[in-house]
Amino acid sequence: MNWRTARLEDVAQVLGGGTPSRTEPAYFGGSIAWATPTDVTALDGLYIAATKEKITEAGLQGSSTKLMPPGAVLLTSRATIGFTAVAKIPICTNQGFVNFVCGDAVLPEFLAYWLRTQRDKMLQHAGGTTFKEIARGTLRKFEIVFPTLGEQRWIVDLLSRAESIVRLRNEAQAKAKAIIPALFLDRFGNPATNPKGWPVAPLSAVAEVISGVAKGRKLAPGEGVELPYMRVANVKDGYLDLSEIKTIEIKRTEVEKLLIQPGDLLMTEGGDPDKLGRAALWSGEIEACIHQNHVFKVRSNRCRVLPTYLRALAGSGYGKAYFLSVAKKTTGIASINKTQLSAFPVVLPPIGVQEEFAQHVASVESIATQQSLAAAKAEAIFRSILARAFAGELTAAEHDQEEAVA
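This structure is a prediction, so every number in the text was calculated from the model and none was measured.

Reading the values: rules and limits
Residues numbered from 1 in each chain as written. Predicted model: local features only at pLDDT ≥ 70, side-chain atom pairs only at ≥ 80, totals over all residues. Heavy atoms only, no water. Helix = DSSP H or I, 4+ residues; strand = E, 2+ residues; numbered from the N terminus. Buried < 20%, exposed > 50% of the residue type's maximum accessible area, 1.4 Å probe, protein only. Pairing = 2+ DSSP bridges. Contact = heavy atoms within 4.5 Å. Axes fitted to C-alpha atoms, helices over the stretch in contact; angles between N-to-C directions. Salt bridge = Lys/Arg side-chain N within 4 Å of Asp/Glu carboxyl O. Parallel < 35°, antiparallel > 145°, perpendicular 65-115°, else oblique.

> Lay out unusual backbone geometry in plain terms, naming residues and giving numbers.
Within the chain, Ala79 stands out as a residue other than glycine whose phi angle is a positive 65°. One can find Ala79 in the loop between β6 (73-76) and β7 (84-87). You can call Ala79 partly exposed: its relative accessible area is 48%.

Below is the structure:
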């Protein structure tokens with residue numbers, strides 16, 4: 001493998017960023033793009049062409065930020081370390097970046113992709129107590145191994161096409177998920193106006209609302225049993241995130257009450273305002289699983305209301321508006337209690353109409369699951385190609401094969 005080795009400072013200018021004073025209104029609202037890390041972490045591709053905030057010429061001159069040309073490589077270096085983007089426009093950044101203006105030896109896109117493979121190394125060299133940060137001086141000394149410009153273009157083309165497949169799979173997955181709220185409104189109308197005049201009852205009249213177990217209790221030897229449990233982090237808006245499951249010890253006498261059964265709806269107590277009333281349906285994903293006290297378990301009377309319909313109702317604009325209206329609010333935090341959840345006014349279509357809706361939802365969720373698996377597979381392939389590309393393990397024959405597959 002005939003690749004060169006050089007320090008980053010030898011193949012690119014290594015620049016920092018800065019923030020104009022917020023006390024100077026004249027520094028913001030101009031025409032100069034000014035990136036913060038969230039502008040980069042929110043990207044679904046390699047390039048950045050717009051930023052949420054812009055600064056003025058006075059803001060540029062009155063701060064340590066620097067205007068970089070199109071093609072500059074932005075690297076998040078504080079807190080969320082290791083995200084990269086290539087600028088399509090002249091751009092500045094705040095101090096949460098280390099930025100690179102490449103010379104003639106390395107393509108910006110090649111450098112941006114290579115930097116992503118160095119995230120673990122960056123974290124090892126990062127310092128700080130409140131949040132991790134890797135210093136510009138440290139990054140300058142990182143050594144990059146790179147081939148000719150022609151080979152770099154080949155690698156960039158391969159990676160960009162693989163990343164495009166990931167993006168398309170993610171978009172398809174998002175579109176599949178968006179069908180269910182649209183299907184709900186089409187079938188039932190706006191619950192706030194209840195255009196079909198269906199009866200309304202408090203949640204407690206059509207379902208049992210059950211609180212979970214609190215953490216940190218001390219049990220006598222032999223009194224408890226340790227079981228997996230669902231916490232707020234596991235309950236997303238309409239689905240469960242089971243990537244990390246924790247366990248808790250509870251009294252053996254509490255197991256029957258706390259066990260989650262297929263068809264139970266798990267709803268969050270709160271946290272950030274957007275977390276209020278998040279609801280996900282349990283389908284028996286984990287054997288003998290319980291829930292903590294910040295997650296309510298709602299067990300429907302299925303002669304009156306189906307769990308699939310109730311999940312969609314709680315997650316609709318109507319449901320979110322109710323939970324926010326009754327929540328206890330402090331700075332950046334909102335929460336509901338069992339009484340407020342039990343009083344949630346449930347619009348009750350005929351059970352046959354709910355069953356038809358549930359059947360449609362099951363079909364859509366099957367498609368969404370397929371899209372999710374395809375997206376995960378595409379991401380894994382991209383990560384594999386990324387690792388192999390910078391290890392010099394890809395050959396021209398493999399490149400041709402990847403083109404045929406794509």
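> An account of the sheet that holds β7 is requested, with residue identities and associated values reported.
Ordered by their spatial adjacency, five strands build an open sheet running β2-β9-β6-β7-β4, and the pairing between neighbours is mixed. If you trace the sheet from one side to the other, it starts and ends with β2 (12-15) and β4 (47-48), each paired once. In this sheet, β7 lies alongside β4 in parallel orientation, the contact comprising two bridges. Bridging from a neighbouring strand, Tyr47 pairs with Val86 of β7. Strands in contact with helix α4 (residues 108-116) are β4, β6, β7 and β9 (97-102); relative to β7, the strand with the most contacts, it is inclined by about 170°.

> Give me the environment of Leu324: which residues, what numbers.
When you line up the elements, Leu324 lands in helix α11 (residues 317-326). For the pair Leu324 and Thr117, spaced 207 residues apart in sequence, the C-alpha to C-alpha distance is 42 Å. Setting aside its immediate chain neighbours within four residues, Leu324 contacts Pro273, Leu276 and Lys329.

> I'd love a proper account of the sheet that holds strand β12 (residues 207-210), names of residues and values included.
If you walk across this open sheet you meet the four strands as β12-β19-β15-β17, and the pairing is antiparallel. If you trace the sheet from one side to the other, it starts and ends with β12 and β17 (279-281), each paired once. Averaged over all pairs of adjacent strands, the angle between strand axes in this sheet comes to 25°, irrespective of strand direction. Pairing analysis gives four bridges linking β12 to strand β19 (residues 295-300), with the strands arranged antiparallel. Across the sheet, residue Ala207 finds its bridge partner in β19, namely Ser300. Helix α10 (residues 307-315) contacts β15 (265-268), β17 and β19 of the sheet and is inclined by roughly 160° relative to β17.

> Residue-level account of the pattern of salt bridges, with values.
Under the counting rule described, the total for this entry stands at 13 salt bridges. The closest approach of N and O atoms between Asp237 and Lys320, which form a salt bridge, is 2.8 Å. Of the two residues, Asp237 sits in the loop between β13 (224-230) and β14 (246-251) while Lys320 sits in helix α11, which places them 83 residues apart along the sequence. When its relative accessible area of 27% is taken as the criterion, Lys320 is described as partly exposed.

> How would you sum up the packing of α10 against α11? Please name residues and give values.
Running from N to C, α10 and α11 cross one another at 60°; their axes reach a closest spacing of 4 Å. Judged by the inter-axis angle, α10 sits oblique to α11. On the side of α10, the interface is formed by Leu313, Ala314 and Gly315, while α11 contributes Gly317, Tyr318, Gly319, Lys320 and Phe323.

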